[in-house]
Each structure stands twice: as C-alpha cells, then as structure tokens.
Amino acid sequence: MENIIEIKNLYFSYVDTDNNGAVLDNINLDIKKGEFLCIVGHNGSGKSTLAKMLNGLLRPDKGTVCVNGIYTSDDKHLIDIRKTVGMVFQNPDNQIIASVVEEDVAFGPENLGCSPQESRRRVDQALSAVDMAEYKNTSPYKLSGGQKQRVAIAGVLAMRPQCIVFDESTAMLDPKGRKEVIATVNKLNKQGITVVLITHFMEEARFADRLCIMDNGKILKTDTPYNIFSDYELIENTGLTLPEPMKLIKALVDCGIKIDNKVFDEKDACAAIAEVLKGGAEK
Amino acid sequence: MLKDITFGQYVEADSIIHKLDPRIKILLLIAYIVFIFIVNNLFSIAFASVFILAVTILSKVPVKLFAKNIKAILPIIIFTAILNALYVGQGALVIHFWVINIYEGGIYRAVFMSLRIILLIIISALLTYTSTPTALTDAIESLLSPLQYIGLKNAVHIMALMMTIALRFIPTLIEETDKIMSSQKARGASLDSGSFKQKVKALLPVLIPLLSASIRRAYELADAMESRCYNGGEGRVRMKQMTLTLKDYIAIIVSVVFFAALIILNTFAV
Amino acid sequence: MSLLAAENLSFSYNSAAKIKKMAVKDISFSVESGEIIGVIGHTGSGKSTLMQLLNGLLKPESGAVYFEGQNIWDNPKEISKFRFQIGLVFQYPEYQLFEETVYKDIAFAPQNMKLSQEEIDNRVNSALNSVGLNYEFAEKSPFDLSGGEKRRVAIAGILAMHPKVLILDEPTAGLDPKGRATVLNMIRDYKENTGAAIIIVSHSMEDVAALCEKLLVLSNGRAVMFDKTENVFSQYETLINNGLDLPSVAKIFEELHKLGYLKDKMAYTVDDAKKIIVDSIKGGALNA
C-alpha cells in the first residue's frame, strides 16, 4: 500500500521547557493510505506533539515528515499539507470559530477560496456525514460535547482531506459523546479516509489496523491491536491499562487457567469464559 | 448571576424586517436617524411616529420590549422635556406658578423633543431585535470593505474575524467565569464584600485563572484555525454572500418615499 | 443523625442558561461518615447542580441540606463555615489554580478559614502528602506542573480544609489510566485516614463499582435509585432506560447467564469476577 505520511528520524524538543530530554526521539513511522492507525501513550509521552508534526503545526528539529511527497518544512506548500491532513483536537470548545454551526464548518472551504456554491455543497455534505445536518443553524454553545466534536469533524471534512488526525478528541467527552465520535471515526475510515487516532483509551484502539505504543518520545512498538494487547508487560510498563474484558482474561491467565486470550470486548470474553466453563463441567 | 446576561438582543420572529439584508438595515437606520434630526415641527414628527410604529408592528417584535428600552432612559426623556418646556418662551402663557412660566411653544417643543428621542430608541432597537449579532458583524465587514482600497487591506478582515470570535466565546467565557467563581467560593473566597481595594484583591483568584484559561484557549484556537488552512484574509471567500432581494429594494423605495413625504411636510406644514 | 442529609431538595435555573444546566427535583438521600457514595447519571441529569446545593454554593428553592443535623441555610451569613466542612472539588479543578506557588494556592482555603500560620503550614504539608506530592512542589508555580500534578494540587487545596464530607465532580476526567488510578487511590486514602464521607460523581461504571458502597442514580433532575451498589446494578433495565450502563464485567456475566453459566453469580469488578470463575472451574473439576 502507498504511504500518505512518511516520518523519518524525527527529533523534536520544545526550546522553552525545563526538561532537556527530547519530546520526540528518533521517530520513524509510515502511515499507509486508507489505514486506521492508533497511537496510544500516557499523558506526556509525546503523542500530541507527534500529532502536530503530521500537518506542519510543528516542524522537526531533525529528520523529516513528508505528506504525499511534500515535506512539512516547505513553507510554500503548508496549505496543501493541511488540506490533505486535517486535525481534530481535544477541547471541543477551543476549535469552533463561529457562532453558527454551518458558518463554522464553512471556515475551511472559505480559507481555501472555494466559491460560495462550492462551500455550501461541502458544508452540507460534511454536516450530513457526521449526522449534524439538522443542527446547521444552531449555536455551537447549545450542543453537547459529542455534538461539538462532530461539528469539528465536519469542519475538517469540508476541506476534503485524505487523512484526519484525532488528537485525543474523545478525552473530554462523556461515554455517550465518546461513542458518537468513535462511531463517526470508524465510518469515515470505511469511506476511505486515513485515520490517525491518538488516545489513552485502549478500548478505542481495537478497531485500528495498527497500533503504536509511545513512551518517552519514542515509539516502543507498532503492531496489530491484538498483538499489542497481549503484550501485558509492555502495557503495564507504559502506564496504560487494558480494557476491562481483557483485564479479566489476563487475571484468569495469571491464575493458570488456559483460556483463549484473543478477546476485545464483553462478547468475546463471555465466549472465551463459557468455553473454559464448559470444558470444566465436562471434565 | 452572571449566567443571566444574554448577549445581543435578537428576537426570533418570522417578519419581513427580519429578512431584510442587515447592510440595508444599517444604512436605513442611519438615514432614519438623519431625517429624524432634520425635521423640526411637531406635525412631521407625528407623521414619522405613525410610520415607525407601523414598521415596529410589522417586525412582530413584542411591543413591551420596546417599552422596556424607553423605560430605561425615561429619566433622560423627562429631563429634556422639562428643560425645553421651561426655556422656550413663545406663544401664550399656559401655566404660571411662582417663578415658573410655561408657554404654549414650550409644551410644543417638549413633546417634539420627547418624540424625537423615543423614535431614535425604537429604530435603533429595531435593528438589534431583528438582526443576529453574526449578521450585524458580517454586514459591518461588508460595509467597511471599501476601506481595503485605501491601504487598509487586512484591517477590515481582522476586525471582522475578531468580532466573530468574540461573539463565539462570550458565552463560553461567561460560563467559565461563573465556574471559577464557584470553585473559589467553595474554598471560602468572599468575592463581594469589603472595601474597593479588598474587592479588587478578592477578584484576583477569579481573574488569574480566567486569563490563563483564555490564553490557553487562544493558543488552541490558533492551532485549530491554522489546521483549517487559515492564512489571513487573502483569498478567503465567504460562503454566505449577502445579496439584495426584492424585499430590500421595496424597503429602500418605501423609505425614500417616506423621507420625501417627511421633507415635504416639514417644509410646507405650518 | 446523618453526617449529611438532603431532604426534598429542589432547585431550578430561571435563565436562558437552563438549556445547559438541569434542575434538581425533590431529591432526598443521606451520607454517613466513612461512606463512599457514587453519583451517576447522564450528562444534564442535574449532578453538578446537586453537588453545588450540597455544599451551599446554591440555595435550594425548597427542601434542605442538613450537616450534622443542622440546616446549612439556617443562618446564611455562616454558609462559608459549611462550605469548609463540605469540600467540593469541581470538574477540571486545575483551572482554579491562581497563586504564584503551589504552597500559596493550597493555603488559600486555610487562610480564608482564618487559621493560625502554624496550622496553615501543617495543613498544606499534610495536604501535599495526601496527594502524593513531596515538599519540593510547594515552591513551584502551579502553572509549570503537568496536567496530572495540577489536578492533584487542586484537590489538595480542598483537602487542606479538612472537610468531613468530600465531594468530587468527575475527579478523573481527562486523566490517563495512571493518573486516574492515582487520584482514585488518593480519595480512598483520605477516607481511610480521616473517616470522612466521600461523594463522587463519575461516568465510569467500573470506577464506581470498584470504589463505592452506595450509588445515587439521577435522571432528569430526579433521584431514580439510592441503594447499595450491587442492588443498583441488579436493576439493569432501569439503568439502561436512564442512559447508563453496567460495568463491563457485569455485562460479561449477563452474557454468561444467557448462555446458562454461573446463573446465580454476579460480579462488578475484575477481582470478584476472577474469584468466581476460578472457584467455579476448580469446583467443576472437583465435582467431576
């Protein structure tokens, strides 16, 4: 598969912080077109800094980030990069610019110089893609957290990006809002948009094609969610926790019970446990 | 409580006045103000009152809202009326009491001045009641756009963007202030007692977090705007282009006819 | 006499802001020393309003809050006395930090309590200790700390009041798993060490299952249930109807019941579930 983003030997540190250590320390990562990549790590692991590298909000101290063949260090083509790689942030309140939903969504196309008719088309499409069309004349202030985030996603979609980076976009939401946003993310990925999801909720990582674990500015491991989830030691050492169903299965494995550990959610866990209980009963 | 502050006075209603182009509304407001100042006899101002009353009814904005506005500056109206009544010494003497003499001309003048102020308030309120803050911002941007030809290229855009963002964040910041005040009160802060100096000092626990939160918001908003390809006003094309419709032309024509009638009345009425 | 009791509390916002904040209608419940009570409910169910009523930041329209048997609004001038006894930690409390140093910020409430300098010193130190930060932090600027540290300093600012009731509105919101665990342990320790009552608002069914003895379920401003944790979770349908859910482990057990396994057993935490399953496997093996 073709790569949409290529990161090579990336180093970065904030000049004005006390800690001398690099925030990003020799990152090498290729993001493939159409894939769903998830980056997890605890707060301060460097994952949000990495996110800001992907659309040129930050530039590497050393190394390169290349989006569709354009380096983010190339000032002349920043707009092209940002048009290609959209970004949804953490705080829903701090990324909505206008007092009317549809005017906010129009902000991107307006900046790109789209004609009013084209902007209108894109805004309507983007709002229906996130199921927010009925709120187009509402004030964002009146929306729930999940709805605000979906408006923010629509604002990015209206630029027609090939890739969307979600920088902890679910961290401040309640469970309902989180579900809404994750459902939207999955839907967009199925429609062919490359997704980079940055989170510390491990349960959101299960739908990803690949999962990166970050710690101390380094990518420790990139693999399928299943392979990462079953690396219990790695997860514990990086200050993360498994989703509850996996925690239960791990606890059972630790007790010496032979159980299928290919488990993501409650249904899988139930099936695995039922299998063991059935075996126990038959013995 | 802070939350009770509502921003903007927009009253939602389905009326022809609501649907007029906000630019036309602003320009017409200016014209009405000028003409109300030009006319100088009671007969003309009475005619203007009837006309503006009709427009007010047409706007479907509850009359009591206008009454509230008038009530708010009633002292000024009364003060002006009394002053005029006392100082104009034309016509027959109507009231004579101690050193106070009120003449026919004075009463005439007092009524005229009161009506003039009331009309000014009503037509200004009419604009804010029937246009959203966003519409007004856009209209001001559009009306000021000729300034870009005299070297103020980015100024108009920046000012409009600042107004847009301010409008967007006012409710957020009010909510935030409320929350910070509550959290400090939960720590025993007394925010509304003591001398002025004490009060100012007591406000610091609210102002500092508010300021630091706003700076953080500003940084995050800047990132979000840049991520959405914001690159200054250059090349930006607004989605909502304001275009004049038949309603606007009708409004202009009706207003011009009204102004003409007003001038004729003003010139020939005795 | 309960430590803190709410009797028929009602409150409504009479402004345009009511779209965002929900009213509270006729809520009664009580808390004893040493109890941890979880408050759950969907967004807009009135949780935040209730919390502010409980510590006297809002005055109820009808009904009353009793602290150690005394109506906290008996003398409105004395209300701050109760606010010190009933400590309230807001959601994202780090946004309330304002002083130049961590020490001064934690000392803000003790100072408002007009305590002696010596007592203030003691309280700041013990509060820092309770939130697991060493004394080196005292002279740092709160604005230079990491997100998790700020959160802990803000909580320490309330702990320094030595409240007999500690109310926390989603204390783990936005924290990573490690930060969540730290904060939850801090809260548990505070209860163990002081015997205070804890009221914790949370969206995480797993957290309340692990932490709370009793749960208060709110929906549209009303108290739907107030009961022992396991009794509340046994009312699966009521929870779902009010926009809530079971802890993940309980959902696994519900599924197992459907398949005919462990029918008479239920667990809400991973530890309990593990024990039940291990026992039943070993029991099964023994029976065979």
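Quick caveat: nothing in here was measured; it's all calculated off a predicted structure. (Residues numbered from 1 in each chain as written. Chains lettered and ligands numbered in written order. Predicted model: local features only at pLDDT ≥ 70, side-chain atom pairs only at ≥ 80, totals over all residues. Heavy atoms only, no water.)

Caption draft 1: The overall build of chain C, seen in detail. The helix and strand tally for chain C stands at 11 helices and 10 strands. A globule of 288 residues ought to have a C-alpha radius of gyration of about 19 Å, and chain C, at 21 Å, matches this closely. Taking the principal axes of the C-alpha coordinates as reference, chain C spans close to 70 × 45 × 35 Å. The proportion of buried residues among the 288 residues of chain C is 56%. For chain C, long-range pairs separated by at least 24 residues make up 62% of all intrachain contacts whose partners lie at least 6 apart in sequence. A total accessible area of about 11,900 Å² is found for chain C, and carbon and sulfur atoms account for 45% of it. (Helix = DSSP H or I, 4+ residues; strand = E, 2+ residues; numbered from the N terminus. Rg over C-alpha atoms; globule rule 2.2 N^0.38 Å. Buried < 20%, exposed > 50% of the residue type's maximum accessible area, 1.4 Å probe, protein only. Contact = heavy atoms within 4.5 Å. Areas by Shrake-Rupley, 256 points an atom, 1.4 Å probe, with all protein chains shown as cover.)

Caption draft 2: Focus on the overall build of chain A. Regarding its fold elements, chain A presents 11 helices and 10 strands. The C-alpha atoms of chain A give 21 Å as radius of gyration, which agrees with the globular expectation for 283 residues (19 Å, within 12%). Projected onto the principal axes, the alpha-carbon positions of chain A cover approximately 75 × 45 × 40 Å. A buried classification covers 58% of the 283 residues belonging to chain A. Within chain A, residue pairs in contact and separated by at least 24 positions form 64% of the contacts whose partners lie at least 6 positions apart. Counting only carbon and sulfur atoms, one obtains 47% of the accessible surface of chain A, whose full area is about 11,200 Å². Side chains of chain A give 34 positive and 40 negative charges; the mean places of these two sets differ by 3 Å. (Lys, Arg positive; Asp, Glu negative; His and termini not counted. Charge placed at Lys NZ, Arg CZ, Asp CG, Glu CD.)

Caption draft 3: How the structure looks around the packing of helix α10 (residues 244–254) of chain A against helix α10 (residues 248–258) of chain C. Taken N-terminus to C-terminus, the directions of α10(A) and α10(C) make an angle of 75°; their axes are 8 Å apart at the nearest point. Between α10(A) and α10(C), the angle falls in the class roughly perpendicular. Contacts between α10(A) and α10(C) involve A:Glu244, A:Pro245 and A:Leu248 on the former and, on the latter, C:Ser248, C:Val249 and C:Ile252. When the residues that make up the contact of α10(A) with α10(C) are grouped by side-chain class, the tally is 4 nonpolar, 1 polar and 1 charged. (Axes fitted to C-alpha atoms, helices over the stretch in contact; angles between N-to-C directions. Parallel < 35°, antiparallel > 145°, perpendicular 65-115°, else oblique. Nonpolar A, V, L, I, M, F, W, Y, C, P; charged D, E, K, R; others polar.)

Caption draft 4: Representation of the domain arrangement of chain C within the structure. All names here are of chain C. Domain boundaries in chain C define domain 1 (4–243) and domain 2 (247–288). Relative to domain 2, the C-alpha centre of domain 1 lies at a distance of 34 Å. Contact residues are listed per partner, giving 8 residues for domain 1 and 6 residues for domain 2. Between domain 1 and domain 2, a total of about 570 Å² is buried, with carbon and sulfur atoms accounting for 73% of that surface. Counting across the interface, domain 1 meets domain 2 through 0 salt bridges. Along the contact surface separating domain 1 from domain 2 lie 2 residue pairs in polar contact (both at pLDDT 80 or more). When residues of the side of domain 1 that touches domain 2 are traced back to their parent elements, those giving at least two are α7 (205–211) and α8 (229–234). (Domains from an automatic or database assignment. Buried area = accessible area lost by both parts, 1.4 Å probe. Salt bridge = Lys/Arg side-chain N within 4 Å of Asp/Glu carboxyl O. Polar contact = N/O pair within 3.5 Å; in protein donor to acceptor, adjacent residues only side chain to side chain.)

Caption draft 5: Local environment of the sheet that holds strand β3 (residues 36–40) of chain C. Residues and elements named next belong to chain C. Strand order in the open sheet formed by 6 strands is β6-β7-β8-β3-β9-β10, with mixed pairing between adjacent strands. If you trace the sheet from one side to the other, it starts and ends with β6 (86–89) and β10 (222–228), each paired once. On average, adjacent strands in this sheet sit at an angle of 15° to one another, irrespective of strand direction. Across 4 bridges, β6 lies against strand β7 (residues 165–169) in parallel orientation. By the bridge assignment, Ile-86 is partnered in β7 with Val-165. (Pairing = 2+ DSSP bridges.)

Caption draft 6: The environment of C:Leu218, seen in detail. Residue and element names in this part refer to chain C. Turning to its location among the elements, Leu-218 is positioned in strand β9 (residues 214–219). On the basis of relative accessibility, which here comes to 0%, the residue Leu-218 falls in the buried class. Separated by 37 residues in the primary sequence, Leu-218 and Glu-255 have C-alpha atoms spaced 26 Å apart. In contact with Leu-218, not counting residues within four places along its chain, are Ile-27, Val-39, Ile-40, Gly-41, His-42, Ser-45, Gly-46, Lys-47, Leu-50, Ala-223 and Val-224.

Caption draft 7: Geometry of the pattern of salt bridges. Residues and elements named next belong to chain A. Taken as a whole, this structure holds 45 salt bridges over all chains when the rule is applied. Close ionic contact of Arg-120 with Glu-102 constitutes a salt bridge, the shortest N to O distance being 2.9 Å. With Arg-120 in helix α5 (residues 116–129) and Glu-102 in helix α3 (residues 101–105), this residue pair connects regions lying 18 residues apart in the sequence. Among the residues examined, Glu-102 registers a relative accessible area of 4% and is labelled buried. For Asp-124, the salt bridge identified is with Arg-120, shortest N-O distance 3.2 Å. Of this pair, Asp-124 and Arg-120 both sit in helix α5, 4 residues apart, which is roughly one turn of that helix. Residue class for Arg-120 comes out partly exposed when judged on its relative accessible area of 26%.

Caption draft 8: A look at the pairing of strand β8 (residues 197–201) of chain C. Residue and element names in this part refer to chain C. Burial analysis of β8 places 5 of its 5 residues in the buried class, the great majority of the element. Residues Ala-197, Ile-199 and Val-201 point to one face of β8 and Ile-198 and Ile-200 to the other, with burial holding for every one of them. Bridging between β3 and β8 involves 4 bridges; their strand directions are parallel. Within β8, the residue paired with Ile-36 across the bridge is Ile-198. Of the strand pairs in this sheet, β7 and β8 are connected by 5 bridges, and their pairing is parallel.

Caption draft 9: Region of interest: the interface of chain C and chain B. At the interface, 27 residues of chain C touch 21 residues of chain B. Of the charged contacts, one joins B:Arg187 and C:Asp105 as a salt bridge, the two residues approaching to 3.0 Å between their closest N and O atoms. Summed over the shared surface of chain C and chain B, the result is 6 residue pairs in polar contact (both at pLDDT 80 or more). Contributing elements (two or more residues each) for the side of chain C that touches chain B: α2 (79–85), α3 (102–112) and α5 (147–159) of chain C.

Caption draft 10: Expanded view of helix α6 (residues 177–194) of chain C. Residues and elements named next belong to chain C. With 18 residues, α6 should cover 26 Å at 1.5 Å per step; its first-to-last C-alpha distance of 26 Å lies within 8% of that length. Buried residues along α6 sit in contact with β3, α4 (117–130), α5, β7, β8 and α7. The first or second residue beyond α6 is Gly-195, which carries a positive phi of 70°. (Expected span 1.5 Å × (residues − 1).)

Caption draft 11: Representation of the side chain of A:Asp104. Structurally, A:Asp104 is set in helix α3. Judged by its relative accessible area of 0%, A:Asp104 is buried. Reaching out from A:Asp104, the side chain makes a polar contact with the backbone nitrogen of A:Ala98 at a distance of 3.3 Å. For A:Asp104, the contacting residues outside a window of four places in its chain are A:Gln95, A:Ile96, A:Ile97, A:Ala98, A:Val151 and B:Arg228.

Caption draft 12: Quick peek at the nonpolar core. If you look at the biggest cluster of nonpolar residues, it comprises 76 residues, and the most contacted ones within it are A:Val105, A:Leu157, A:Phe229, A:Ile273 and C:Leu256. Sort the elements by how many residues they give to this core and helix α11 (residues 266–282) of chain A lands first, with 7 residues. Counting 53 residues, the second largest nonpolar core, distinct from the first, contains C:Tyr103, C:Ile187, C:Val208 and C:Leu246. (Core = buried A, V, L, I, M, F, W, Y, C linked by side-chain atoms within 4.5 Å.)

Caption draft 13: Here's a closer look at the sheet that holds strand β6 (residues 85–88) of chain A. All names here are of chain A. Here we have 6 strands laid out as an open sheet, ordered β6-β7-β8-β3-β9-β10, and mixed in their pairing. Two strands lie at the open edges of the sheet, namely β6 and β10 (218–223), each paired on one side alone. This sheet shows a mean twist of 20° between the axes of neighbouring strands, independent of strand direction. On top of the sheet, helix α6 (residues 145–157) reaches β6 and β7 (163–167); it is set at about 165° to β6, its chief contact.

Caption draft 14: Local environment of the packing of aromatic side chains. Counted under the stated rule, the structure contains 16 aromatic pairs over all chains. Centre to centre, the rings of B:Phe66 and B:Tyr129 are 5.3 Å apart; their planes meet at 90°, and the pair counts as edge-to-face. Here the residue B:Phe66 occupies a position in helix α4 (residues 63–72), and B:Tyr129 occupies one in helix α6 (residues 104–130), the gap between them amounting to 63 residues. B:Tyr129 carries the same exposure label as B:Phe66, and that label is buried. Geometrically, the ring pair formed by C:Phe98 and C:Phe108 is edge-to-face, given 4.9 Å between the ring centres and 85° between the ring planes. (Phe/Tyr/Trp six-rings, centres within 6.5 Å; stacked < 30°, edge-to-face > 60°.)

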